[in-house]
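# Descriptive structure summary
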2 protein chains.
Amino acid sequence: MTNQNNEITYSIGELAKEFDITPRSIRFYEEQDLLSPERTGQTRIYCNKDRVRLKLILRGKRLGFSLAEIKNLFELYDSNANSMLQLQAMLQMTEQKRAILRQQLDDIQMLMNELDEVEKRCRDELADLQKRGS
Amino acid sequence: MTNQNNEITYSIGELAKEFDITPRSIRFYEEQDLLSPERTGQTRIYCNKDRVRLKLILRGKRLGFSLAEIKNLFELYDSNANSMLQLQAMLQMTEQKRAILRQQLDDIQMLMNELDEVEKRCRDELADLQKRGS
DNA sequence: CCTAACCCTAACGTTAACGTAAATCAATTT
DNA sequence: AAATTGATTTACGTTAACGTTAGGGTTAGG
């Protein structure tokens, strides 16, 4: 559907289906102040900006951020931060997040290496079994 | 300390301090069958293999795996899987994990880009403020 | 002998992120 | 008109991963 400005809009059910989550989750994110869709009467109407935000929430979750942390990132991102202090606090936060992400990259690298080894061992054993079997 | 084979061993407190977690957590991992240290009477004695496993547990957690999933990975890794079926199931699991890790790498890349932008905006604003201030 | 610093078990408490059920309302479809 | 479909609120239930007492045992030092 489209709204009065001819923008595309979505119902809660549509977004739930698209991202494979339940409407309950989406309402919960709103309850936690991560979303604030328009309403028509009682019914929630999501615009494209809301949809992008939802996508960001889910990405954050995949990375192991809590909803509270995600909210912080949003506030950090949205705030038209104007005081020096706020800006510096913000830079500090981004640096913290960056450190976590770097750690995760390391972890993933190690884990992938280990998976490689496991897989190799498996393939060897499989080849072995097939030799004997034939 | 060392055990009868002259291997290095650790108390629960030592490991807790080294990895910056509580003894309670370590005991909990044991309760979930992720660790099984020796005992001297009631007291737990951890060998180097246990220590490595603990390190793996924590790495898994950082990547957002549940303890149950980590246990699965261990069983997958430990099992002297000898039947074709087991081996193939194993390869399937590693592929699944790999997909998740790839997704996380993508997510991290995007998030880092976004952090870059936020940071850049911040630095610009900061420079701006300093110009006016001087 | 007393205290401090470790270790132990058992069991109840807590937080995050929803799930689920009940009761209701509005718009279509049959 | 009745039924289906999808929306709403309210509120209690659930799971994971520990935290937090409570109660008790053991060794080293003063």
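Residues numbered from 1 in each chain as written. Chains lettered and ligands numbered in written order. Predicted model: local features only at pLDDT ≥ 70, side-chain atom pairs only at ≥ 80, totals over all residues. Heavy atoms only, no water.

## Focus on the domain arrangement of chain A
Domain annotation for chain A reports domain 1 (1-64) and domain 2 (79-134). A separation of 29 Å is found between the C-alpha centroids of domain 1 of chain A and domain 2 of chain A. (Domains from an automatic or database assignment.)

## Focus: the pattern of salt bridges
Evaluated as defined, the whole model comprises 13 salt bridges over all chains. Put simply, Arg59(A) and Glu114(B) hold a salt bridge, and the shortest N to O gap is 2.9 Å. Of this pair, Arg59(A) sits in helix H3 (residues 48-62) while Glu114(B) sits in helix H5 (residues 84-133), each in a different chain. What makes Glu114(B) partly exposed here is its relative accessible area of 26%. Salt-bridge contacts for Arg44(B) lead to Glu30(B); the nearest nitrogen and oxygen are separated by 2.8 Å. Note that Arg44(B) is positioned in strand E3 (residues 43-47) and Glu30(B) in helix H2 (residues 23-31), a separation of 14 residues in sequence. Residue class for Arg44(B) comes out buried when judged on its relative accessible area of 17%. Overall, the relative accessible area of 15% leaves Glu30(B) in the buried class. (Salt bridge = Lys/Arg side-chain N within 4 Å of Asp/Glu carboxyl O. Helix = DSSP H or I, 4+ residues; strand = E, 2+ residues; numbered from the N terminus. Buried < 20%, exposed > 50% of the residue type's maximum accessible area, 1.4 Å probe, protein only.)

## So, the nonpolar core
If you look at the biggest cluster of nonpolar residues, it comprises 47 residues, and the most contacted ones within it are Ile26(A), Tyr29(A), Leu54(A), Ile57(A), Leu54(B) and Ile57(B). When neighbours within four sequence positions are excluded, Ile26(A) is seen to be in contact with Ile12(A), Leu15(A), Ala16(A), Ile21(A), Leu35(A), Tyr46(A) and Leu54(A). (Core = buried A, V, L, I, M, F, W, Y, C linked by side-chain atoms within 4.5 Å. Contact = heavy atoms within 4.5 Å.)

## Digging into the protein's contact with DNA strand D
Neighbouring residues of DNA strand D: 17 residues in total, closest Arg27(A), Arg44(A), Thr22(B), Tyr29(B) and Lys61(B). In DNA strand D, atoms within 4 Å of the protein come from the sugar-phosphate backbone in 69% of cases. Within the backbone of Gly13(A), an N or O atom sits 2.9 Å from a phosphate oxygen of DNA strand D. Here a phosphate oxygen of DNA strand D sits 2.7 Å away from a polar atom, N or O, in the side chain of Thr22(B). Counting only elements with at least two residues in the surface near DNA strand D, the list comes to helix H1 (12-19), helix H2 (23-31) and strand E3 (43-47) of chain A together with H2 of chain B. Counting residues per element, the surface near DNA strand D draws most heavily on H2(B), which supplies four residues. Considering only residue class, the surface near DNA strand D consists of four nonpolar, seven polar and six charged. (Near = heavy atom within 4 Å. Polar contact = N/O pair within 3.5 Å; in protein donor to acceptor, adjacent residues only side chain to side chain. Nonpolar A, V, L, I, M, F, W, Y, C, P; charged D, E, K, R; others polar.)

## With respect to the side chain of Glu30(A)
Among the polar contacts made by the side chain of Glu30(A), one reaches the side chain of Arg44(A) at a distance of 2.8 Å. Once residues within four sequence positions are removed from consideration, Glu30(A) is found in contact with Leu35(A), Pro37(A), Arg39(A), Arg44(A) and Tyr46(A).

## A word on the protein's contact with DNA strand C
Close to DNA strand C lie 17 residues, the nearest being Thr22(A), Lys61(A), Gly13(B), Arg27(B) and Arg44(B). Put simply, 70% of the atoms of DNA strand C that lie within 4 Å of the protein are in sugar or phosphate. In this structure, a phosphate oxygen belonging to DNA strand C sits 2.9 Å away from a main-chain N or O atom of Leu67(A). In this structure, Arg27(B) approaches DNA strand C through a side-chain N or O atom, which is 2.4 Å from a phosphate oxygen. Residue assignment for the surface near DNA strand C shows that the elements contributing at least two residues are H2 of chain A together with helix H1 (12-19), H2 and E3 of chain B. When residues in the surface near DNA strand C are grouped by element, the largest group, four residues, is from H2(A).

## So, the interface of chain B and chain A
On the side of chain A, 41 residues touch chain B, which itself brings 41 residues to the contact. Among the residues chain B hides against chain A, the three largest losses belong to Arg59(B), Tyr77(B) and Arg98(B). Together they make up 14% of the total. At the boundary of chain B with chain A, the tally comes to four salt bridges. Two residues, Arg62(A) and Asp107(B), come together in a salt bridge whose shortest N-O distance is 2.6 Å. Where chain B packs against chain A, one counts six residue pairs in polar contact (both at pLDDT 80 or more). Contributing elements (two or more residues each) for the side of chain B that touches chain A: helix H3 (48-62), helix H4 (67-78) and H5 of chain B. In terms of residues, the side of chain B that touches chain A owes the most to one element, H5(B), which gives 31 residues. Classifying every residue of the side of chain B that touches chain A gives 21 nonpolar, seven polar and 13 charged. (Buried area = accessible area lost by both parts, 1.4 Å probe.)

## Quick word on the sheet that holds strand E2 (residues 38-40) of chain A
All names here are of chain A. Read across the sheet, three strands follow the order E1-E3-E2 without closing on themselves; strand pairing throughout is antiparallel. The open sheet has two edge strands with one neighbour each: strand E1 (9-10) and E2. Where E2 lies against E3, three bridges are found, and the strand directions are antiparallel. Within the sheet, the bridge partner assigned to Thr40 lies in E3 and is Thr43. (Pairing = 2+ DSSP bridges.)

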